[in-house]
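# Observations on the model geometry
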Amino acid sequence: MSNSIQMVDLKTQYQRIKAEVDAGIQEVIDNATFINGPAVKAFQADLETYLGVRHVIPCANGTDALQIAMMALGLKPGDEVIVPTFTYVATAEVIALLGLVPVMIDVDPHTFNITAELVEPAITPKTKAIVPVHLFGQSVDMEPIMALAKQHDLWVIEDNAQAIGGDYIFPNGEQRKTGTIGHVGCTSFFPSKNLGCYGDGGAIMTNDDELAAQLRMVANHGQSKQYYHDVIGVNSRLDSIQAVVLRAKLKHLDTYCASRRALSYMYDAAFDGLPLTTPYCAPYTTHVFHQYTLQLHQPERRDALRAFLAERGVPAMIYYPVPLYRQAAFAPYWHGSAEGLPVTEQLCASVISLPMHTEMTNEHFLQIIEAINAFFE
Ligand SMILES: *Cc1c(COP(=O)(O)O)cnc(C)c1O
C-alpha cells in the first residue's frame, strides 16, 4: 500500500470493504446482469431510504444528472438559469449546452455559496431556474432560496455533487438531506466524491411523482414504454457493478462524513494563529467536507506554499483557480464588468485545499500540519 499522502485515499478505503465489494461484483458478472440489474434497483431503494426522498433516478454521471434535470423541467433555449461562478464547470456547462443562458453570480465570502440576497438582483423575466451548489460539502442556506423561488415561480435544481450525506436545518428545526430540498437534486458518484463508485455514476432526486416519471423518461431515450418515444431524451444509466460499490459504501456514508468532520476540527485547531482563514461552518448545515479549503491572507504566497508542501510530500489543490466568466467557453455569457465579481476573484486567488478523506493516519496528519506551520514560521 502506498505510504505517501494522497488528496483522497481510495485504496485504503477499499481494503475495508473489499470482501463485500468483490463478492457483489463477482455476482454481477456470474449473473450477467450488467445493466439495470437487481443491484441498481437495490441501491436506488437504499439511497431513497437514506435520503428520505420519494424518488432516486440513477444515471451515468453528475453532469448528466444536471442535464436530465433541466431537460425534464422543460427549460427552453433562451431561458435564464442562475448559477454561482465559483463552482465546477459542469454546473454551467449543461445550461449552455441546452441553449439556456447561464447567469453567473457571486458567492458569500464565508460559505463560498450563493445566497438569496445574491440571487434576487439577477432575476429577470427570463429567469426560469436557480442552481444552488453545496460547495465543498456545505449546504446552501436553502430556506430563503426556496422562498424566493416560490415568489418568482422558479425551479430550484440542487447541485449536490459535493455534499451527499449532509443535512440542512430549516429555521423551524426541521432537518433534511441536501439534494432533497429543491424541486430536483443532482449528484455525482465520481470516485473521489464523498460517496464515489469505481467508475462514473450519478443520480437525480425528487419528491415530485410527475417530475420523477419525466426524469426517468428523459434518462431512457425519452421513452415511457419500450420503443415508444414521447420526448427527445438521452441514454444515461448507472451500471450494476457501480451500484454494488455504492451500496456497500452507502452503509458507511455517515461514518465517512464523521471522519471528514473530525479531520476538519483537527486541522482547524492546528492552524490557529496562522495568517489564513479556516473553513466557516454555517449553523444551518452539517458540513461534510468534500474539501477542506483554506483562504490565505497573503494570496501572493500561494504558489510558494504549494511548492513548499510538495517538497515535503504534502499534496494540495486549487479549487477553483479561474472564475467561470474568465473561462474562454463562458466569456460570451458574461455581461458584467472586466473586474469580475469581488468575492469570486478573491477566492480564486487565495484558496488552497488540503488532503481530505476518510483514512487519514495520525502520521500523515502530523506531516501535513508540520509542513504548513514550518512554511509560516
Ligand atoms: C463533480 C461535480 C459535478 C459533475 O459530476 P460528474 O460525475 O463528474 O459528471 C457537477 N457539479 C459539481 C459541483 C461537481 O463537483
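Presented here is an overview of the structure given in this document. (Residues numbered from 1 in each chain as written. Predicted model: local features only at pLDDT ≥ 70, side-chain atom pairs only at ≥ 80, totals over all residues. Heavy atoms only, no water.)

What the protein contains, in helices and strands, is twelve helices and 15 strands. The C-alpha radius of gyration computed for the protein amounts to 21 Å, which stays within 12% of the reference 21 Å derived for 377 residues, consistent with globular compactness. Projected onto the principal axes, the alpha-carbon positions of the protein cover approximately 70 × 55 × 45 Å. About 16,100 Å² of surface is accessible on the protein, with carbon and sulfur atoms providing 53% of the total. (Helix = DSSP H or I, 4+ residues; strand = E, 2+ residues; numbered from the N terminus. Rg over C-alpha atoms; globule rule 2.2 N^0.38 Å. Areas by Shrake-Rupley, 256 points an atom, 1.4 Å probe, with all protein chains shown as cover.)

Attention shifts here to the sheet that holds strand β12 (residues 276-277). In space, the three strands of this open sheet follow the order β12-β14-β15, with antiparallel pairing throughout. Each having just a single partner strand, β12 and β15 (351-354) make up the two edges of the open sheet. For β12 and strand β14 (residues 292-296), the ladder comprises two bridges, and the chain directions are antiparallel. Looking across to β14, one finds that L276 is bridged to L296. Contacts from helix α11 (residues 342-350) reach β14 and β15, with the element oriented near 100° to β14. (Pairing = 2+ DSSP bridges. Contact = heavy atoms within 4.5 Å. Axes fitted to C-alpha atoms, helices over the stretch in contact; angles between N-to-C directions.)

Another aspect to go through is helix α1 (residues 10-31). If you check α1, its first and last C-alpha atoms are just 27 Å apart, much less than what 22 residues at 1.5 Å a residue would give, namely 32 Å. Along its length, α1 reaches its greatest deviation from straightness, about 75°, at I17. Burial in α1 covers these residues: T12, Q13, I17, V21, G24, I25 and V28. The inward-facing, buried residues of α1 abut α8 (240-250) and α9 (253-270). The N-capping residue of α1, defined by a side-chain oxygen 3.3 Å from the backbone nitrogen of K11, is D9. Following α1 by one or two positions, A32 has its phi on the positive side, about 50°. (Expected span 1.5 Å × (residues − 1). Bend = angle between axes of the 7 residues up to and from the residue. Buried < 20%, exposed > 50% of the residue type's maximum accessible area, 1.4 Å probe, protein only. Polar contact = N/O pair within 3.5 Å; in protein donor to acceptor, adjacent residues only side chain to side chain.)

All we've got here are geometric facts, nothing functional implied.
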